[in-house]
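In case you want the letters, here they are:
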Amino acid sequence: MKTIQYQNGILNLLDQTKLPTEYSYLECKTYQEVAKAIVDMIVRGAPAIGVTAAYGIAIGAGAIEAVSKDDFFRKLEVICDTLRSTRPTAVNLFWAVDRMHKNALSNREKSLEDIKHSLIEEAHKMYQEDVETNQSIGKHGNLLIKENTTILTHCNAGALATCDYGTAISVIRTAHDSGKNIQVFADETRPYLQGARLTAWELKEAGIPVTLICDNMAGHFMKEGLIHGVIVGADRIAQNGDTANKIGTYSVAVLAKENKIPFYVAAPVSTFDFTIESGDQIPIEERKPDEVTHIKGIQIAPLDISVRNPAFDVTPNRYITAIITEKGIVYPPFKENILKLKA
Ligand code: MRU
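Residues numbered from 1 in each chain as written. Predicted model: local features only at pLDDT ≥ 70, side-chain atom pairs only at ≥ 80, totals over all residues. Heavy atoms only, no water.

Visitor: Could you give me a rundown of the site of the ligand, with the residues and numbers involved?
Guide: Within the structure, the ligand sits among 19 residues, and R44, R87, D235, N245 and K246 are positioned closest to it. In the model, an oxygen atom of the ligand is placed 2.8 Å from a nitrogen or oxygen of the D235 side chain. When the ligand sits alone it has 410 Å² of accessible area, and the protein chains cover 100% of it. The set of elements that each furnish at least two residues to the shell around the ligand consists of α2 (46–62) and β9 (243–246). Partitioned by chemical class, the residues of the shell around the ligand number eight nonpolar, seven polar and four charged. Three or more residues apiece are contributed to the shell around the ligand by two domains, here domain 1 (4–134) and domain 2 (140–342). (Near = heavy atom within 4 Å. Polar contact = N/O pair within 3.5 Å; in protein donor to acceptor, adjacent residues only side chain to side chain. Areas by Shrake-Rupley, 256 points an atom, 1.4 Å probe, with all protein chains shown as cover. Helix = DSSP H or I, 4+ residues; strand = E, 2+ residues; numbered from the N terminus. Nonpolar A, V, L, I, M, F, W, Y, C, P; charged D, E, K, R; others polar. Domains from an automatic or database assignment.)

Visitor: Give a detailed account of the pattern of salt bridges, specifying residues and quantitative values.
Guide: Proximity of charged atoms lets side chains of opposite charge pair with each other. Applying the stated rule across the entire model yields 17 salt bridges. The closest approach of N and O atoms between R84 and E77, which form a salt bridge, is 3.7 Å. Three or more residues joined by partner-sharing salt bridges are found here, namely E77, D81, R84 and D98. (Salt bridge = Lys/Arg side-chain N within 4 Å of Asp/Glu carboxyl O.)

Visitor: Before we move on, could you go through the sheet that holds strand β3 (residues 25–28) and cite the residues and values that matter?
Guide: In spatial order, the strands read β1-β2-β3; together these three strands make up an open sheet with antiparallel pairing. At either margin of the open sheet sits one strand with a lone partner, and together these are β1 (4–7) and β3. The sheet shows a mean angle of 20° between the axes of neighbouring strands, direction not considered. Pairing analysis gives four bridges linking β1 to strand β2 (residues 10–14), with the strands arranged antiparallel. By the bridge assignment, Q5 is partnered in β2 with N12. In this fold helix α1 (residues 31–39) packs onto β2 and β3, with an angle of close to 145° to the strand it touches most, β3. (Pairing = 2+ DSSP bridges. Axes fitted to C-alpha atoms, helices over the stretch in contact; angles between N-to-C directions. Contact = heavy atoms within 4.5 Å.)

Visitor: Give me the lowdown on the pairing of β2, citing residues and values where you can.
Guide: Hairpin connection between β1 and β2: a loop of two residues separates the two successive antiparallel strands, and N8 in this loop has a positive phi of roughly 45°. Bridge analysis of β2 against β3 gives four bridges, and the strand direction is antiparallel. Across the sheet, the residue bridging to N12 is E27, located in β3.

Visitor: A description of the side chain of Q16 should follow, citing residues and the corresponding values.
Guide: You can see Q16 is positioned in the loop between β2 and β3. There is a polar contact of 2.7 Å between the side chain of Q16 and the backbone oxygen of L160. Beyond its immediate sequence surroundings of up to four residues, Q16 is in contact with T3, M41, I42, V43, R44, L160, R197 and L198.

Visitor: Mind laying out unusual backbone geometry, listing which residues take part and the relevant values?
Guide: Here the bond from L19 into P20 is cis, since omega is 5°, no more than 30 degrees from zero. Secondary-structure assignment places P20 in the loop between β2 and β3. Residues P332 and P333 are joined by a peptide bond in cis, for which omega reads 0°. Following the sequence through the fold, P333 ends up in the loop between β16 (328–330) and α11 (334–341). The backbone phi angle of Y165 is positive, close to 70°, even though this residue is not glycine. Mapping Y165 onto the fold places it in the loop between β4 (149–153) and α6 (168–177). Positioned with a positive phi, N181 is a non-glycine residue whose angle comes to about 55°. Its location among the elements puts N181 in the loop between α6 and β5 (182–187). The partly exposed category is assigned to N181, whose relative accessible area is 40%. (Buried < 20%, exposed > 50% of the residue type's maximum accessible area, 1.4 Å probe, protein only.)

And the structure:
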(Lines give C-alpha, C1' and ligand atoms only; values in the text may rest on other atoms or scores of the structure.)
Protein backbone atom coordinates (compact mmCIF):
# COMPACT_ATOMS: atom_id res chain seq x y z
CA MET A 1 0.00 0.00 0.00
CA LYS A 2 1.40 3.38 -0.99
CA THR A 3 -0.31 6.61 0.12
CA ILE A 4 1.62 8.86 -2.29
CA GLN A 5 3.26 7.81 -5.56
CA TYR A 6 5.06 10.14 -7.95
CA GLN A 7 6.10 9.13 -11.44
CA ASN A 8 6.97 11.18 -14.52
CA GLY A 9 5.20 14.38 -13.47
CA ILE A 10 2.08 12.64 -12.13
CA LEU A 11 1.17 12.30 -8.46
CA ASN A 12 -1.07 9.35 -7.63
CA LEU A 13 -2.83 9.67 -4.28
CA LEU A 14 -4.59 6.77 -2.59
CA ASP A 15 -8.15 8.11 -2.32
CA GLN A 16 -8.78 8.03 1.44
CA THR A 17 -12.35 9.29 1.05
CA LYS A 18 -13.24 5.91 -0.51
CA LEU A 19 -11.56 3.58 1.98
CA PRO A 20 -12.27 0.98 3.26
CA THR A 21 -14.86 -0.05 0.65
CA GLU A 22 -12.90 1.01 -2.43
CA TYR A 23 -9.14 1.02 -3.03
CA SER A 24 -8.35 3.49 -5.81
CA TYR A 25 -5.90 6.23 -6.74
CA LEU A 26 -6.56 9.79 -7.84
CA GLU A 27 -4.22 11.09 -10.53
CA CYS A 28 -2.98 14.69 -10.12
CA LYS A 29 -1.23 16.28 -13.11
CA THR A 30 -1.32 19.94 -12.01
CA TYR A 31 -0.56 21.78 -8.78
CA GLN A 32 -4.22 22.90 -8.67
CA GLU A 33 -5.33 19.26 -8.70
CA VAL A 34 -2.87 18.51 -5.89
CA ALA A 35 -4.20 21.46 -3.84
CA LYS A 36 -7.79 20.32 -4.39
CA ALA A 37 -6.89 16.77 -3.30
CA ILE A 38 -5.58 18.17 0.02
CA VAL A 39 -8.70 20.32 0.53
CA ASP A 40 -10.98 17.36 -0.32
CA MET A 41 -9.01 15.10 2.05
CA ILE A 42 -8.17 12.55 -0.66
CA VAL A 43 -4.86 12.70 1.20
CA ARG A 44 -4.78 13.74 4.85
CA GLY A 45 -2.59 13.48 7.93
CA ALA A 46 0.07 16.08 8.70
CA PRO A 47 3.22 14.43 7.22
CA ALA A 48 1.36 13.15 4.13
CA ILE A 49 -0.07 16.61 3.46
CA GLY A 50 3.44 18.10 3.68
CA VAL A 51 5.03 15.71 1.19
CA THR A 52 2.01 15.93 -1.15
CA ALA A 53 2.34 19.73 -1.17
CA ALA A 54 6.06 19.36 -1.94
CA TYR A 55 5.24 17.24 -5.00
CA GLY A 56 2.52 19.75 -5.92
CA ILE A 57 5.15 22.50 -6.02
CA ALA A 58 7.52 20.33 -8.07
CA ILE A 59 4.72 19.59 -10.57
CA GLY A 60 3.61 23.24 -10.68
CA ALA A 61 7.15 24.54 -11.12
CA GLY A 62 7.79 22.01 -13.88
CA ALA A 63 4.90 23.48 -15.88
CA ILE A 64 5.93 27.14 -15.48
CA GLU A 65 6.63 28.90 -18.76
CA ALA A 66 8.68 31.91 -17.73
CA VAL A 67 10.08 34.80 -19.73
CA SER A 68 12.69 35.51 -17.04
CA LYS A 69 13.94 34.29 -13.66
CA ASP A 70 11.87 36.97 -11.90
CA ASP A 71 8.81 35.78 -13.80
CA PHE A 72 9.54 32.17 -12.74
CA PHE A 73 9.86 33.10 -9.08
CA ARG A 74 6.67 35.21 -9.18
CA LYS A 75 4.76 32.25 -10.60
CA LEU A 76 6.38 29.89 -8.09
CA GLU A 77 5.16 32.16 -5.27
CA VAL A 78 1.57 31.81 -6.55
CA ILE A 79 1.91 28.01 -6.51
CA CYS A 80 3.32 28.04 -2.97
CA ASP A 81 0.50 30.32 -1.76
CA THR A 82 -2.14 28.07 -3.33
CA LEU A 83 -0.78 25.04 -1.47
CA ARG A 84 -0.37 27.00 1.79
CA SER A 85 -4.06 27.95 1.66
CA THR A 86 -5.37 24.36 1.52
CA ARG A 87 -5.54 23.48 5.23
CA PRO A 88 -4.51 25.72 8.14
CA THR A 89 -3.66 23.51 11.14
CA ALA A 90 -0.99 20.94 10.21
CA VAL A 91 2.30 22.84 10.33
CA ASN A 92 4.04 20.18 8.22
CA LEU A 93 2.29 21.75 5.22
CA PHE A 94 3.92 25.16 5.79
CA TRP A 95 7.23 23.53 6.71
CA ALA A 96 7.22 21.60 3.42
CA VAL A 97 6.20 24.58 1.26
CA ASP A 98 8.89 26.78 2.86
CA ARG A 99 11.52 24.09 2.37
CA MET A 100 10.65 23.77 -1.34
CA HIS A 101 10.64 27.54 -1.79
CA LYS A 102 14.05 27.83 -0.10
CA ASN A 103 15.38 25.06 -2.32
CA ALA A 104 14.39 27.02 -5.44
CA LEU A 105 15.87 30.26 -4.06
CA SER A 106 19.15 28.54 -3.17
CA ASN A 107 19.46 27.48 -6.83
CA ARG A 108 18.52 30.88 -8.25
CA GLU A 109 21.78 31.19 -10.16
CA LYS A 110 21.19 27.91 -12.01
CA SER A 111 19.16 27.35 -15.19
CA LEU A 112 15.36 27.03 -14.93
CA GLU A 113 15.67 23.38 -15.97
CA ASP A 114 18.10 22.76 -13.10
CA ILE A 115 15.84 24.58 -10.59
CA LYS A 116 12.85 22.50 -11.71
CA HIS A 117 14.87 19.28 -11.49
CA SER A 118 16.15 20.18 -8.04
CA LEU A 119 12.55 20.70 -6.80
CA ILE A 120 11.60 17.16 -7.85
CA GLU A 121 14.72 15.83 -6.12
CA GLU A 122 13.85 17.78 -2.95
CA ALA A 123 10.32 16.32 -2.89
CA HIS A 124 11.77 12.80 -3.30
CA LYS A 125 14.18 13.55 -0.45
CA MET A 126 11.31 14.65 1.80
CA TYR A 127 9.42 11.47 0.97
CA GLN A 128 12.40 9.28 1.85
CA GLU A 129 13.17 11.26 5.01
CA ASP A 130 9.57 10.84 6.16
CA VAL A 131 9.82 7.04 5.82
CA GLU A 132 13.09 6.97 7.81
CA THR A 133 11.76 9.42 10.42
CA ASN A 134 8.73 7.24 11.04
CA GLN A 135 10.88 4.14 11.43
CA SER A 136 12.93 5.99 14.07
CA ILE A 137 9.76 7.15 15.87
CA GLY A 138 8.69 3.49 15.97
CA LYS A 139 12.01 2.36 17.45
CA HIS A 140 12.08 5.05 20.14
CA GLY A 141 8.42 4.59 21.00
CA ASN A 142 8.78 0.81 21.27
CA LEU A 143 10.97 1.35 24.35
CA LEU A 144 7.86 2.64 26.16
CA ILE A 145 5.68 -0.37 25.32
CA LYS A 146 5.54 -3.36 27.66
CA GLU A 147 4.52 -6.95 26.78
CA ASN A 148 0.76 -7.64 26.56
CA THR A 149 -0.32 -4.03 26.14
CA THR A 150 -3.58 -2.59 24.85
CA ILE A 151 -3.16 0.85 23.28
CA LEU A 152 -5.93 3.28 22.41
CA THR A 153 -5.43 5.55 19.42
CA HIS A 154 -7.53 8.36 17.98
CA CYS A 155 -7.88 9.35 14.32
CA ASN A 156 -5.34 7.86 11.89
CA ALA A 157 -1.65 8.48 12.46
CA GLY A 158 -0.65 5.53 10.32
CA ALA A 159 0.95 4.80 6.95
CA LEU A 160 -2.08 6.50 5.38
CA ALA A 161 -1.22 9.76 7.16
CA THR A 162 2.46 9.64 6.16
CA CYS A 163 4.67 8.25 3.38
CA ASP A 164 4.86 4.93 5.24
CA TYR A 165 4.64 3.29 8.70
CA GLY A 166 2.90 6.26 10.37
CA THR A 167 3.85 7.99 13.61
CA ALA A 168 1.64 6.65 16.43
CA ILE A 169 0.96 3.51 14.37
CA SER A 170 4.70 3.10 13.69
CA VAL A 171 5.19 2.66 17.45
CA ILE A 172 2.38 0.08 17.50
CA ARG A 173 3.78 -1.72 14.40
CA THR A 174 7.30 -1.85 15.86
CA ALA A 175 6.03 -3.21 19.19
CA HIS A 176 3.88 -5.78 17.34
CA ASP A 177 6.75 -6.81 15.05
CA SER A 178 9.00 -7.33 18.07
CA GLY A 179 6.48 -9.91 19.34
CA LYS A 180 4.98 -7.98 22.26
CA ASN A 181 1.33 -9.07 21.91
CA ILE A 182 -0.15 -5.65 21.23
CA GLN A 183 -3.87 -5.01 20.99
CA VAL A 184 -5.30 -1.73 19.72
CA PHE A 185 -8.54 0.06 20.53
CA ALA A 186 -9.33 2.47 17.69
CA ASP A 187 -11.71 5.38 18.33
CA GLU A 188 -14.03 5.76 15.35
CA THR A 189 -13.22 9.52 15.28
CA ARG A 190 -16.39 11.39 14.36
CA PRO A 191 -17.21 13.26 12.25
CA TYR A 192 -14.84 12.14 9.49
CA LEU A 193 -14.36 8.61 10.84
CA GLN A 194 -10.62 8.33 10.25
CA GLY A 195 -10.46 5.73 13.05
CA ALA A 196 -13.23 3.52 11.68
CA ARG A 197 -12.51 3.91 7.98
CA LEU A 198 -8.71 4.18 8.00
CA THR A 199 -7.03 3.01 11.24
CA ALA A 200 -9.22 -0.08 11.64
CA TRP A 201 -8.58 -0.97 7.98
CA GLU A 202 -4.84 -0.26 8.12
CA LEU A 203 -4.28 -2.31 11.29
CA LYS A 204 -6.38 -5.19 10.00
CA GLU A 205 -4.33 -5.22 6.77
CA ALA A 206 -1.15 -5.28 8.90
CA GLY A 207 -2.43 -8.20 10.97
CA ILE A 208 -2.45 -6.18 14.21
CA PRO A 209 -5.41 -7.04 16.49
CA VAL A 210 -7.77 -4.06 16.54
CA THR A 211 -11.09 -3.37 18.27
CA LEU A 212 -13.17 -0.51 16.95
CA ILE A 213 -15.07 1.61 19.49
CA CYS A 214 -17.24 4.73 19.27
CA ASP A 215 -15.53 7.86 20.61
CA ASN A 216 -17.80 8.02 23.66
CA MET A 217 -16.74 4.52 24.81
CA ALA A 218 -13.09 5.35 25.54
CA GLY A 219 -13.68 6.45 29.15
CA HIS A 220 -15.64 3.29 29.91
CA PHE A 221 -12.87 0.98 28.70
CA MET A 222 -10.19 3.00 30.52
CA LYS A 223 -12.15 2.75 33.77
CA GLU A 224 -12.55 -1.00 33.23
CA GLY A 225 -8.73 -1.26 33.11
CA LEU A 226 -8.64 -2.49 29.52
CA ILE A 227 -6.45 0.33 28.15
CA HIS A 228 -2.79 0.55 29.23
CA GLY A 229 -1.65 3.51 27.15
CA VAL A 230 -2.78 6.08 24.58
CA ILE A 231 -0.71 7.04 21.52
CA VAL A 232 -1.86 9.71 19.07
CA GLY A 233 -0.27 11.73 16.28
CA ALA A 234 -0.10 15.53 16.05
CA ASP A 235 -0.76 18.31 13.58
CA ARG A 236 1.12 21.08 15.35
CA ILE A 237 3.04 21.17 18.62
CA ALA A 238 3.82 24.50 20.29
CA GLN A 239 7.10 25.34 22.07
CA ASN A 240 5.51 24.41 25.41
CA GLY A 241 4.26 21.00 24.21
CA ASP A 242 0.58 21.95 23.76
CA THR A 243 -0.54 19.71 20.90
CA ALA A 244 -3.14 20.17 18.18
CA ASN A 245 -4.49 16.88 16.88
CA LYS A 246 -7.80 15.53 15.58
CA ILE A 247 -10.89 16.78 17.38
CA GLY A 248 -11.58 14.55 20.37
CA THR A 249 -7.92 14.07 21.30
CA TYR A 250 -8.24 16.51 24.22
CA SER A 251 -11.14 14.52 25.72
CA VAL A 252 -9.11 11.30 25.41
CA ALA A 253 -6.11 12.96 27.13
CA VAL A 254 -8.24 14.17 30.06
CA LEU A 255 -9.77 10.70 30.42
CA ALA A 256 -6.30 9.13 30.34
CA LYS A 257 -5.05 11.40 33.16
CA GLU A 258 -8.19 10.71 35.24
CA ASN A 259 -7.53 6.99 34.84
CA LYS A 260 -3.73 7.25 35.41
CA ILE A 261 -2.95 5.97 31.89
CA PRO A 262 0.11 7.34 30.04
CA PHE A 263 -0.78 9.60 27.11
CA TYR A 264 1.88 9.76 24.38
CA VAL A 265 2.09 11.97 21.29
CA ALA A 266 4.18 10.60 18.39
CA ALA A 267 5.34 13.16 15.82
CA PRO A 268 8.30 14.16 13.67
CA VAL A 269 10.27 17.33 14.47
CA SER A 270 8.62 18.91 11.39
CA THR A 271 5.34 18.95 13.38
CA PHE A 272 6.82 21.32 16.00
CA ASP A 273 6.07 24.99 15.48
CA PHE A 274 9.01 26.69 17.18
CA THR A 275 7.51 30.12 16.42
CA ILE A 276 4.58 29.81 18.80
CA GLU A 277 4.75 29.70 22.58
CA SER A 278 1.52 27.87 23.33
CA GLY A 279 -1.39 26.03 21.77
CA ASP A 280 -3.55 29.17 21.99
CA GLN A 281 -1.78 30.39 18.85
CA ILE A 282 -2.64 27.33 16.74
CA PRO A 283 -5.23 28.03 14.00
CA ILE A 284 -8.03 25.48 14.14
CA GLU A 285 -9.65 24.47 10.86
CA GLU A 286 -13.46 24.61 10.85
CA ARG A 287 -14.98 22.29 8.26
CA LYS A 288 -18.35 22.08 6.54
CA PRO A 289 -21.51 21.40 8.64
CA ASP A 290 -22.58 18.50 6.43
CA GLU A 291 -19.74 16.36 7.85
CA VAL A 292 -21.72 16.50 11.11
CA THR A 293 -25.28 16.36 9.78
CA HIS A 294 -24.56 13.57 7.30
CA ILE A 295 -22.63 10.30 7.26
CA LYS A 296 -21.61 9.13 3.78
CA GLY A 297 -24.34 11.30 2.28
CA ILE A 298 -27.06 10.02 4.61
CA GLN A 299 -28.81 12.69 6.64
CA ILE A 300 -28.67 11.97 10.39
CA ALA A 301 -29.79 15.35 11.80
CA PRO A 302 -32.37 17.99 10.98
CA LEU A 303 -31.30 20.22 8.10
CA ASP A 304 -30.76 23.97 8.64
CA ILE A 305 -29.61 23.34 12.20
CA SER A 306 -26.74 25.23 13.80
CA VAL A 307 -23.59 23.09 13.63
CA ARG A 308 -19.97 23.53 14.77
CA ASN A 309 -17.28 21.39 13.16
CA PRO A 310 -13.75 22.18 14.36
CA ALA A 311 -11.42 19.57 12.81
CA PHE A 312 -8.82 19.75 15.60
CA ASP A 313 -8.46 20.54 19.28
CA VAL A 314 -5.49 21.42 21.46
CA THR A 315 -4.39 19.16 24.30
CA PRO A 316 -2.62 21.21 26.99
CA ASN A 317 0.89 19.95 27.80
CA ARG A 318 -0.06 18.92 31.35
CA TYR A 319 -1.98 15.93 29.96
CA ILE A 320 0.94 14.67 27.85
CA THR A 321 3.27 12.08 29.42
CA ALA A 322 5.88 12.32 26.65
CA ILE A 323 6.34 13.17 22.97
CA ILE A 324 7.98 10.52 20.80
CA THR A 325 10.09 11.98 17.96
CA GLU A 326 12.69 10.63 15.54
CA LYS A 327 15.35 12.27 17.72
CA GLY A 328 14.18 10.50 20.87
CA ILE A 329 11.54 10.80 23.59
CA VAL A 330 10.83 14.26 24.98
CA TYR A 331 9.62 14.46 28.60
CA PRO A 332 8.50 17.44 30.67
CA PRO A 333 9.59 20.14 31.29
CA PHE A 334 8.55 20.47 27.65
CA LYS A 335 9.51 24.08 27.10
CA GLU A 336 13.13 23.38 27.94
CA ASN A 337 13.36 19.99 26.22
CA ILE A 338 11.49 20.91 23.02
CA LEU A 339 13.95 23.72 22.35
CA LYS A 340 16.76 21.12 22.27
CA LEU A 341 15.05 19.51 19.24
CA LYS A 342 15.55 22.69 17.23
CA ALA A 343 19.32 22.24 17.10
O1 MRU B 1 -8.02 15.89 9.32
P2 MRU B 1 -6.91 14.89 9.20
O3 MRU B 1 -7.39 13.51 8.88
O4 MRU B 1 -5.83 15.38 8.27
O5 MRU B 1 -6.29 14.85 10.66
C6 MRU B 1 -5.22 13.96 10.91
C7 MRU B 1 -4.76 13.94 12.30
O8 MRU B 1 -5.26 14.65 13.15
C9 MRU B 1 -3.58 13.07 12.61
O10 MRU B 1 -3.68 12.54 13.89
C11 MRU B 1 -2.29 13.90 12.50
O12 MRU B 1 -2.25 14.58 11.29
C13 MRU B 1 -1.08 13.08 12.64
S14 MRU B 1 -0.81 12.01 11.29
C15 MRU B 1 0.66 11.20 11.50
